[in-house]
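# Descriptive structure summary
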Amino acid sequence: MDKTLYRLVYLSRNTITGDDDLLQEEIRGILDVSQRNNRQAGVTGALMFNTGCFAQVLEGPHNRIQDTFERIQCDPRHSHVSVLAFDRVEARYFSDWDMAFVGQNAQRIEQFAGFNERSSFDAKALDGDTVFELLRTHLDEAEQA
Ligand SMILES: Cc1cc2nc3c(=O)[nH]c(=O)nc-3n(C[C@H](O)[C@H](O)[C@H](O)COP(=O)(O)O)c2cc1C
């Protein structure tokens, strides 16, 4: 198998409507499926969400990321999927996670709100490194907590 690794970073709009319980339930469902499928596909990564949007990093072989992302793109639970980066990388960062969940907190929501305002999901206004750093940083914080 080709061992060359890639990292895809995207943002999308969360289209899940309903109360908090429903949102949590949907997120739980997404994570369960992701963990099961990604483990099998050799894909790792992290997912962050708030009521407005999702940010996700997927790492793994090119074709495995493509297959996974094709399914993700068709998912009606989000829209305006915008790829910020799909680059070759030397190593996985989220190697211990089939799909790490960064969750949400006030600071992250603020940062996402900033993204929203600035970009209206215009991919040109954002870059994959910034979003990758955001997930990486918050995952580190979550681990320390
Ligand atoms: C924001 C978001 C992120 C998702 N991430 C993944 C993922 O990393 N891996 C995955 O297999 N499915 C992911 N999904 C779910 C897929 O869209 C799809 O429902 C699932 O892959 C179908 O799997 P199944 O054919 O095994 O039921 C995600 C969905 C959303 C809305």
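This one's a predicted model, so the numbers in the text were calculated from it and none came from an experiment.

Moving on to the overall build of the protein. When you go through the protein residue by residue, the secondary structure sums to four helices and five strands. Beginning at the N terminus, the succession of helices and strands in the protein can be written as β-α-β-β-α-β-β-α-α. Among the 145 residues that make up the protein, the fraction classed as buried is 42%. A fraction of 80% describes how many contacts in the protein between residues 6 or more apart in sequence connect residues 24 or more apart.

So, on to the site of the ligand. As a structural note, the neighbourhood of the ligand is formed by 17 residues, with S34, N37, N38, R71 and D75 the closest of them. Between the ligand and R77, the relevant distance is 3.4 Å, taken from an oxygen atom to a side-chain nitrogen or oxygen of the residue. With the chains in place, 80% of the 620 Å² that the ligand exposes on its own is no longer accessible. Looking at the shell around the ligand, the elements that each hand over two or more residues are helix 1 (20-41), strand 3 (53-61) and helix 2 (62-73). Per-element accounting of the shell around the ligand gives the leading share, six residues, to helix 1.

Here we come to the sheet that holds strand 3. Taken in spatial order, the five strands make up an open sheet running 4-1-3-2-5, and their pairing is mixed. Since the sheet does not close on itself, it has two edges, and those belong to strand 4 (78-89) and strand 5 (100-103), each with one partner. Between one strand axis and the next, the sheet turns through 15 degrees on average, direction left out of account. Sheet topology places strand 2 (residues 44-49) next to strand 5; three bridges connect them, and they run parallel. From the neighbouring strand, M48 faces strand 5, where its bridge partner is G103.

Summarising burial for strand 2: six of the six residues are buried, a large majority. Neither face of strand 2 is exposed, since T44, A46 and M48 on one face and G45, L47 and F49 on the opposite face are all buried. As judged from the six bridges shared by strand 2 and strand 3, these two strands associate in the antiparallel manner. Opposite A46, over in strand 3, you have V57 as the bridge partner.

For the rest of this paragraph, the subject is the packing of aromatic side chains. Tallied over the full model, the rule gives eight aromatic pairs. Plain terms: the ring middles of Y10 and F69 are 5.3 Å apart, the flat faces sit at 50 degrees to each other, and that makes the pair tilted. Pair noted here: Y10 is in strand 1 (residues 5-14) and F69 is in helix 2, with a separation of 59 residues, a long-range link. Both residues of the pair, Y10 and F69, count as buried.

This brings us to the pairing of strand 1. Among the 10 residues that make up strand 1, eight are buried, leaving the element largely enclosed by the rest of the structure. Of the strand pairs in this sheet, strand 1 and strand 3 are connected by nine bridges, and their pairing is antiparallel. Bridge pairing links S12 to F54 in strand 3. Where strand 1 and strand 4 come together, nine bridges link them in antiparallel fashion. Looking across to strand 4, one finds that Y6 is bridged to R88.

Attention now goes to helix 1. The α-helix winds at 3.6 residues per turn, so residues separated by three or four positions along the chain end up facing the same way. End to end, helix 1 covers 31 Å across 22 residues, agreeing with the expected 32 Å (1.5 Å per residue, within 8%). For helix 1, the set of buried residues is L23, I27, I30, L31, S34, N38 and A41. Viewed end-on, helix 1 has its buried residues packed into an arc of 110 degrees, placing them on one side of the element. Exposed residues pointing more than 90 degrees away from the buried face of helix 1 are listed as D21, E25, R36, R39 and Q40. Among the structural elements, strand 1, strand 2, strand 3, helix 2 and strand 5 are those in contact with the buried residues of helix 1.

Rules used throughout
- Residues numbered from 1 in each chain as written.
- Predicted model: local features only at pLDDT ≥ 70, side-chain atom pairs only at ≥ 80, totals over all residues.
- Heavy atoms only, no water.
- Helix = DSSP H or I, 4+ residues; strand = E, 2+ residues; numbered from the N terminus.
- Buried < 20%, exposed > 50% of the residue type's maximum accessible area, 1.4 Å probe, protein only.
- Contact = heavy atoms within 4.5 Å.
- Near = heavy atom within 4 Å.
- Polar contact = N/O pair within 3.5 Å; in protein donor to acceptor, adjacent residues only side chain to side chain.
- Areas by Shrake-Rupley, 256 points an atom, 1.4 Å probe, with all protein chains shown as cover.
- Pairing = 2+ DSSP bridges.
- Axes fitted to C-alpha atoms, helices over the stretch in contact; angles between N-to-C directions.
- Phe/Tyr/Trp six-rings, centres within 6.5 Å; stacked < 30°, edge-to-face > 60°.
- Expected span 1.5 Å × (residues − 1).
- Arc of directions from axis to C-beta.

On their own, these measurements won't tell you what the molecule is for.
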